[in-house]
Structure formats: structure tokens, C-alpha cells
Amino acid sequence: MTNSPVPPAGPQRVLALAQLSNSIGDGAYYTTSALYFTQVVGLAPARVGLGLTVGWAIGSLVGVPLGQLADRRGARGTAVLLALATGLAVASFTVVRGFWPFVLAACVYAAAQSGLAAARQALLAGLVSAGERTRLLAHLQSTLNAGLAVGAGLGGLALHAGTRTAYLTVFVLDAVSFLVCALLLLRLPSMTAVASRPRHGGLGVLRDRPYAVVALLNTVLLLRLPLLSLVLPLWITRRTEAPAWLVSALFVLNTAAVMLFQVRAARGVTGLATATRAVRRAGWVMLAACVVFALSAGASLWVAVGILVVGAVLQVVAEMGQSAGSWQLSFDLAPEGRVGEYQGLFGTGVTIARTLGPLLLTALLVEWGTPGWLLLGGAMLAASYAMGPAARWAADRRAQEDRVRQPALVP
């Protein structure tokens, strides 16, 4: 198996190119959006935060029904429509001039993004065999990081210019990136929708308690998401003697490591047993990272820099292992034909971690300090060990349901 971050030619590479397109736009958007909404649109920072929180809350609620739509109406067509909807939502930001129009645009943007993620996972499941899904997701994660890095560079140029025109150009670029994404997705083969209706009606995945527990534990593990973007910058500038430029260096280190080594990290994850082991190992590594980060407080300048670099290396190793394990679990524990619906639920973990994580981790780590780091690491380790029993519970339930659906053999 190759460790190259470039996926094989064919549908897998087309899917990666679609990912690359919209991740370049997203990288530019993430870099500039806060300043655009405050300096160009003229919204107060608190209102921007409130609007985005409301938007992502809505996005977390609609991920499941939009994933279900992809299962029933076809993953490719649904993904194309949601990519176009995301592009239109981004374009609408360029004409927003007040708080409530901003909230409406943010809700459409977050809902389309959440649905697109679920639909794309369903599309991926139909393109490759079960044994190839985690490896392809590793390729896509590498592609995502490469696109975000390029987009962040383009966003940096807009920040340097600091003009309204520069900011608007970034938003137009992001909108066009989703149009290109939609056109690339149209090149993929169309697959017949095979979803079965949930036995309980409505959103049947919400009644699958074992899978919901696995998704909840994964949400705990995803609390690492705000570390690089928010918590570590605050920790470095408020609690250590390290220079502020280290924030950027650690971000580049993380992005480059995932881009280069995510495929290698995922190659040994091929089933439930290897996935739970990968998550468990990641829990130990994440605990070690938290301990190391805590040690940087009070150290001299260059000692703190060295400690923080070691912590960042441990953190990205844990990230790659946890990602690979959770991808495998999210697909293997979902019934065939309902992958989009189940991925819609699993994907809410990212939204919740990015919405609630900043508030929780800022209070826990920046305000509380070393005890907070130890508590976070302990919670990560506990969640990683609980994942094994939860995954076995979910697998047993899936096996029982398969036996019930199996037609009786006539003697």
C-alpha cells in the first residue's frame, strides 16, 4: 500500500480534487472572515460570535436529515446541490449589511456545509469497498490540509492589503471554489439510492443508542480541535515565555504533518479491532501531549519553545491516530444504505467541538492552568478506552439486526 498523499487515479482522485477545491476556498475564508464581518460589515465581535454559534447549532441539527436525503435520493446529486448551496451562502455574505441577514446567511452556510460533509461520506462509501474507505479518507484529509494551507496563504495576502476589495475577493474565491467542487462531483459515477426506511420512522439513527454513544465519545476526543486555533495561542501568549510567532510555527507543523503522514498513520487501521486500538493509543499520546503542554508554563523562553514543539508533535500524532480509528468505526458500525444518515450524526461531533470547545477549553486550560491540562488529558484517555466496549456494543446490535433481516431458510 502506498503512503503517497495523492490517491489513485479515477473516482478517488476526482473526489480528492473536489476536496482540494473547496478547502482552498475555506482556508482563505477562515483566515479573513472574522475581520471581514467586523471591519467591513461593521458587526460587533460578540454579534459575529453569536451569529456563527446559531448557524453551527442549526447545522448540527440538519446534518442527519440531509445525510438521510443523500441515502434516499442519491449521494452524488445531493452533494452537488449542497456544494452549490454552500457557494451561494458564501456569496450572500458579500451583500450582508445587518445582523439578522448575517444570521440567516450563517445558518444556510452551516446547514449546507454539514449536509455536504454527510453526503460526501455517503458518496465515498459507494465509490470504494469497505476496506478502502479509511485509506481514502486519509488521502482526503491530507488533501484538505494542503488546500487549507494554500487558502490561508491567499487569505494572508488579503489581510496584508486590508481593503474591502481584498476581503470581497476572498469571499468570491470561496464561492467559486464550491462551484468547482460541484462540477468535479458531477464527474463521479451516479449511484442508485438504496436506503431503507428506519424501522422506527423519522430519524432512526437517533434511536441507535450504541452508535450514538460511539459518536458522543468521539465528540469528547474531538475537543482537541480548538487547541491549535484558539487555546494554544492564548496559552502561549498568556502563560508562557515563548514568542507569539510560535503559534504560526505550530500550525504549520500540524498542517504539514497531517499532509505528509496521515495516509501512513491510517494504513494499519482495517477493522473494528485495529480501529479501537488506534483510538486507545491516541488517548495515551494525547494525555502525554497535555502533560507536556502544561510543563511549558513558567519555563524559560527557549525551554518553553522546545516543550511546546514536543507537545505539538505528540498532539498531531494523537490526532492522526484518533482520526483514522474514528473514520473506520463510523463506517463499519453504520448499516449499508444509510451511511449518509449515520455520518450526519457522527459529523455533529465536529460542530459541537468547534462550538462549545472554545468556551470550555479556554476556561479549563487558560484560566485553570496545569490541573485543567491534566483533566483534559484524563478525559481523552477515558473516552478512548470507553470506545472499545461502545464499538463492540454497536457491532453486536448491528449483527442482531442483520440476523433479523435475514430471510428464514426453508428446510
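Residues numbered from 1 in each chain as written. Predicted model: local features only at pLDDT ≥ 70, side-chain atom pairs only at ≥ 80, totals over all residues. Heavy atoms only, no water.

Per an unreviewed UniProt entry, the protein chain goes by MFS transporter and derives from Streptomyces shaanxiensis. Note on the protein chain: under the UniProt heading Subcellular location (unreviewed entry), the record states "Cell membrane". (UniProt positions renumbered as here; feature names shortened; annotations may be inferred.)

Asker: Is there a simple way to think about the nonpolar core in this case?
Answerer: Taken as a class, soluble globular proteins show a tendency for nonpolar side chains to be buried jointly. Ranked by internal contacts, the top residues of the largest apolar core, which has 87 residues, are Leu 15, Leu 124, Leu 185, Tyr 211, Leu 308, Leu 365 and Trp 373. Discounting residues that sit within four places of it in the chain, Leu 365 has contacts with Leu 227, Val 231, Trp 235, Gly 372, Trp 373 and Leu 376. (Core = buried A, V, L, I, M, F, W, Y, C linked by side-chain atoms within 4.5 Å. Buried < 20%, exposed > 50% of the residue type's maximum accessible area, 1.4 Å probe, protein only. Contact = heavy atoms within 4.5 Å.)

Asker: So what exactly am I meant to see when it comes to the pattern of salt bridges here?
Answerer: Where charged atoms from two side chains of opposite charge come close, those side chains can pair. Evaluated as defined, the whole model comprises five salt bridges. Residue Glu 336 pairs with Arg 133 through a salt bridge whose shortest N-O separation is 3.6 Å. With Glu 336 in the loop between helix H11 (301-332) and helix H12 (339-367) and Arg 133 in helix H5 (residues 133-161), this pair connects stretches of sequence that are 203 residues apart. A relative accessible area of 5% means that Arg 133 is categorised as buried. (Salt bridge = Lys/Arg side-chain N within 4 Å of Asp/Glu carboxyl O. Helix = DSSP H or I, 4+ residues; strand = E, 2+ residues; numbered from the N terminus.)

Asker: Whenever I open this one, the packing of helix H1 (residues 11-40) against H5 confuses me. Can you help?
Answerer: Each pair of packed helices gets described by two things: the angle between the helix axes and the distance between those axes. In the contact formed by H1 and H5, the axes pass within 6 Å of each other and the chain directions differ by 35 degrees. Crossing angle aside, the handedness with which H1 passes H5 is right-handed. (Axes fitted to C-alpha atoms, helices over the stretch in contact; angles between N-to-C directions. Left-handed = near helix turned anticlockwise from the far one by under 90°.)

Asker: Looking at this structure, I do not really get the side chain of Ser 330. What am I missing?
Answerer: Locating Ser 330 in the fold gives a position in helix H11. Of the polar contacts made by the side chain of Ser 330, one reaches the side chain of Gln 343; its length is 3.1 Å. Residues contacting Ser 330, with those up to four places away along its chain left out, are Tyr 211, Gln 343 and Phe 346. (Polar contact = N/O pair within 3.5 Å; in protein donor to acceptor, adjacent residues only side chain to side chain.)

Asker: For this particular structure, what's the right way to read helix H4 (residues 99-127)?
Answerer: In an α-helix, one turn spans 3.6 residues, which is why side chains three or four residues apart end up on the same side. Given a rise of 1.5 Å per residue, 29 residues ought to cover 42 Å, and the 41 Å separating the end C-alpha atoms of H4 matches this to within 8%. Of all 29 residues in H4, 22 are buried, a share of seventy percent or more. (Expected span 1.5 Å × (residues − 1).)

Asker: Would you mind going over the packing of helix H8 (residues 225-239) against H12 with me for this structure?
Answerer: Interaxial distance between H8 and H12 falls to 9 Å at its minimum, and their mutual angle equals 20 degrees. In terms of axis orientation, H8 runs roughly parallel to H12. The handedness of the crossing between H8 and H12 comes out as right-handed. Within the contact between the two elements, H8 uses Leu 225, Pro 226, Leu 227, Leu 230, Val 231, Leu 234, Trp 235, Arg 238 and Arg 239 and H12 uses Val 350, Ala 353, Arg 354, Gly 357, Pro 358, Leu 361, Thr 362, Leu 365, Val 366 and Glu 367. Residues that form the contact of H8 with H12 fall into these classes: 13 nonpolar, two polar and four charged. (Parallel < 35°, antiparallel > 145°, perpendicular 65-115°, else oblique. Nonpolar A, V, L, I, M, F, W, Y, C, P; charged D, E, K, R; others polar.)

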